[in-house]
Amino acid sequence: MKAIKNKVQLVGRLGADPEIKMYNENKKLAQLRLAVNDRYKNALGEWVDDTQWFNMVAWSKLAGYAEKYLLKGTEIAVEGRLINKNFTDKNGIKRVSTELIVSEILILAKQKEVA
């Protein structure tokens, strides 16, 4: 059980092309936004579509993979771990942001197949 203490698996579509940044001239970072859709019936029996957005970060080789193969609309499965970041916004209010640090990416359907 120790290996699954902080493990998350998600399937969804990218909401934008990956944003790529370089650090120390050789360390690459990809920032990704994933939309995960859920559909269920509410108390009135009506279908409700619910979309949750996740901020994700991929480093090094995975960042290069994301840069080369991923586009807005691509359906992917990801696995990783969650981290919380504390910060103070421009109005002085303390906030918390949650990110998924990606350890694996699997392309399920490319963007051009979706259209």
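Report on the accompanying structure.

Cut-offs used in this document
- Residues numbered from 1 in each chain as written.
- Predicted model: local features only at pLDDT ≥ 70, side-chain atom pairs only at ≥ 80, totals over all residues.
- Heavy atoms only, no water.
- Helix = DSSP H or I, 4+ residues; strand = E, 2+ residues; numbered from the N terminus.
- Buried < 20%, exposed > 50% of the residue type's maximum accessible area, 1.4 Å probe, protein only.
- Areas by Shrake-Rupley, 256 points an atom, 1.4 Å probe, with all protein chains shown as cover.
- Lys, Arg positive; Asp, Glu negative; His and termini not counted.
- Charge placed at Lys NZ, Arg CZ, Asp CG, Glu CD.
- Salt bridge = Lys/Arg side-chain N within 4 Å of Asp/Glu carboxyl O.
- Pairing = 2+ DSSP bridges.
- Contact = heavy atoms within 4.5 Å.
- Patch = residues over 30% accessible without salt bridge, like charges linked within 9 Å, V, L, I, M, F, W, Y side chains within 5 Å.
- Core = buried A, V, L, I, M, F, W, Y, C linked by side-chain atoms within 4.5 Å.

Next up on the list: the overall build of the chain. Assigned secondary structure in the chain consists of two helices and six strands. Secondary structure elements of the chain occur, N-terminal to C-terminal, as β-β-β-β-α-β-β-α. With the C-alpha coordinates of the chain rotated into their principal frame, the extents come out at 55 × 45 × 40 Å. Taking all 115 residues of the chain together, the buried fraction comes to 27%. Accessible surface for the chain amounts to roughly 8,400 Å². Of this, 49% is attributable to carbon and sulfur atoms. When the 20 positive and 14 negative side-chain charges of the chain are each reduced to one mean point, those points stand 6 Å apart.

When the charged atoms of two side chains with opposite charge come close together, those side chains can pair. Under the defined criterion, the tally for this structure stands at five salt bridges. One salt bridge in this structure joins Lys28 and Glu67, with 2.6 Å as the shortest N-O distance. Linking Lys28 in strand E3 (residues 27–41) with Glu67 in helix H1 (residues 60–69), this pair joins segments that are 39 residues apart in sequence. The partner of Lys85 in a salt bridge is Glu99, with the nearest N and O atoms 3.3 Å apart. Placement of Lys85 in strand E5 (residues 75–88) and of Glu99 in strand E6 (residues 94–109) is noted, with a sequence separation of 14 residues between them. The exposure class of Glu99 is buried, given its relative accessible area of 11%.

Here we take up the pairing of strand E2 (residues 19–23). Pairing analysis gives five bridges linking E2 to E3, with the strands arranged antiparallel. The partner of Tyr23 across the bridge, within E3, is Lys27. Hairpin connection between E2 and E3: a loop of three residues separates the two successive antiparallel strands, and Asn24 in this loop has a positive phi of roughly 50°.

Within the secondary structure, Gly80 is located in strand E5. The residues touching Gly80, leaving out its near neighbours within four places in the chain, are Asn6, Lys7, Val8, Leu100, Ile101, Val102 and Ser103.

All right, on to a nonpolar patch on the surface then. Together, Val11, Leu106 and Leu108 give the surface a local cluster of nonpolar side chains, amounting to about 260 Å² of exposed area. Looking at where Leu106 falls in the secondary structure, it is placed in strand E6.

Next up on the list: the nonpolar core. One finds Leu34, Met56, Ile76 and Val78 to be the most contacted residues of the largest nonpolar core, which totals 17 residues. Secondary-structure elements contributing two or more residues to this core are strand E1 (8–14), E3, strand E4 (47–59), H1, E5 and E6. Among the elements that make up this core, the one with the highest residue count is E3 (four residues). Setting aside residues no more than four positions away along its own chain, Leu34 makes contact with Leu10, Gly12, Arg13, Leu14, Gln52, Trp53, Phe54, Met56, Ile76 and Val78.

Our focus in this paragraph is unusual backbone geometry. Although it is not a glycine, Ser60 sits at a positive phi angle of roughly 50°. Residue position: Ser60 is located in helix H1. Relative accessible area serves as the criterion here: at 39%, Ser60 is assigned to the partly exposed category.

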